[in-house]
Amino acid sequence: MQNPKFDTILKQADSLLNSATEELKNAENELVTYQACNNSRESIRKYLTSFLLKNKIEPVEPVTLAGLLDQCKTVDKRFALIDLSNILCRHDATYDDYCLDTQKVNQCLKVAEQTRKIILG
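These numbers were taken from a predicted model, which means no experiment stands behind them. (Residues numbered from 1 in each chain as written. Predicted model: local features only at pLDDT ≥ 70, side-chain atom pairs only at ≥ 80, totals over all residues. Heavy atoms only, no water.)

**Student:** Can you walk me through unusual backbone geometry in this structure?
**Tutor:** Excluding glycine, residues mostly carry a negative phi; peptide bonds, for their part, are mostly trans. Residue proline 62 is reached from glutamate 61 by a cis peptide bond, and omega for that bond is -10 degrees. Note on placement: proline 62 falls in the loop between α2 (33–54) and α3 (65–75). Even without a glycine there, the phi angle at lysine 56 is positive, about 60 degrees. Here lysine 56 shows up in the loop between α2 and α3. (Helix = DSSP H or I, 4+ residues; strand = E, 2+ residues; numbered from the N terminus.)

Structure (structure tokens):
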């Protein structure tokens, strides 16, 4: 059974993840960490949303990464392995809305990759 909405969101998530991955390959002086951070976080959101839609579950409003993850955990316990604490750096006093530190952005990218593996696994 095909699910066009799932497929579309999954492709968008993959595109965002690929963009973040490519951005982090740039030399330090050419790296745009904001873009990599934003794309990584958005890919996670789309992966989680696609999983819910695939399982015929509408995301609960307001849609947050933590809320989506909690919903996914009720369907598949593997989502308990995902730790969002390293990517929610907007709550850090030293950051505005996105991480600008390369190490933090790399952690966010790893969470996106982990999320993708669970979705496709």
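What follows picks up the thread again.
**Student:** Just to check I follow, could you spell out the nonpolar core for this structure?
**Tutor:** Note that soluble globular proteins tend to have their nonpolar side chains buried in a common cluster. Within the largest apolar cluster, 29 residues are counted, with the highest numbers of intra-cluster contacts made by Ile44, Leu48, Phe79, Ile82, Leu84, Ile87 and Ile119. Secondary structure elements with two or more residues in this core: α1 (4–24), α2, α3 and α4 (102–120). Look past the residues within four positions of isoleucine 119 in its chain and what remains in contact with it is Phe6, Leu10, Tyr47, Ser50, Phe51, Lys54 and Phe79. (Core = buried A, V, L, I, M, F, W, Y, C linked by side-chain atoms within 4.5 Å. Buried < 20%, exposed > 50% of the residue type's maximum accessible area, 1.4 Å probe, protein only. Contact = heavy atoms within 4.5 Å.)

**Student:** Sorry if this is basic, but what is going on with the environment of alanine 36 here?
**Tutor:** Of note, alanine 36 is situated in helix α2. Taking relative accessible area as the criterion, alanine 36 reaches 0% and is therefore assigned buried. Each C-alpha atom of the pair alanine 36 and alanine 20 lies 4.3 Å from the other, and the pair is 16 residues apart in sequence. With near-sequence residues (within four places) excluded, alanine 36 lies in contact with Ala20, Glu23, Leu24 and Val105.

**Student:** It is not clear to me how the pattern of salt bridges should be interpreted in this structure. Could you clarify?
**Tutor:** It is possible for side chains bearing opposite charge to pair when their charged atoms get close. Applying the stated criterion to the full structure yields five salt bridges. Between arginine 45 and glutamate 42 there is a salt bridge, with the nearest N and O atoms lying 2.2 Å from each other. With arginine 45 and glutamate 42 both in helix α2 and three residues apart, this pair spans about one turn of that helix. Of the residues examined, arginine 45 reaches a relative accessible area of 29% and is grouped as partly exposed. By relative accessible area, which is 23% here, glutamate 42 ends up partly exposed. The salt bridge partner of arginine 78 is aspartate 76, with a shortest N-O separation of 2.7 Å. On the basis of relative accessibility, which here comes to 15%, the residue aspartate 76 falls in the buried class. (Salt bridge = Lys/Arg side-chain N within 4 Å of Asp/Glu carboxyl O.)

Interpretation in functional terms is not warranted from these geometric data alone.
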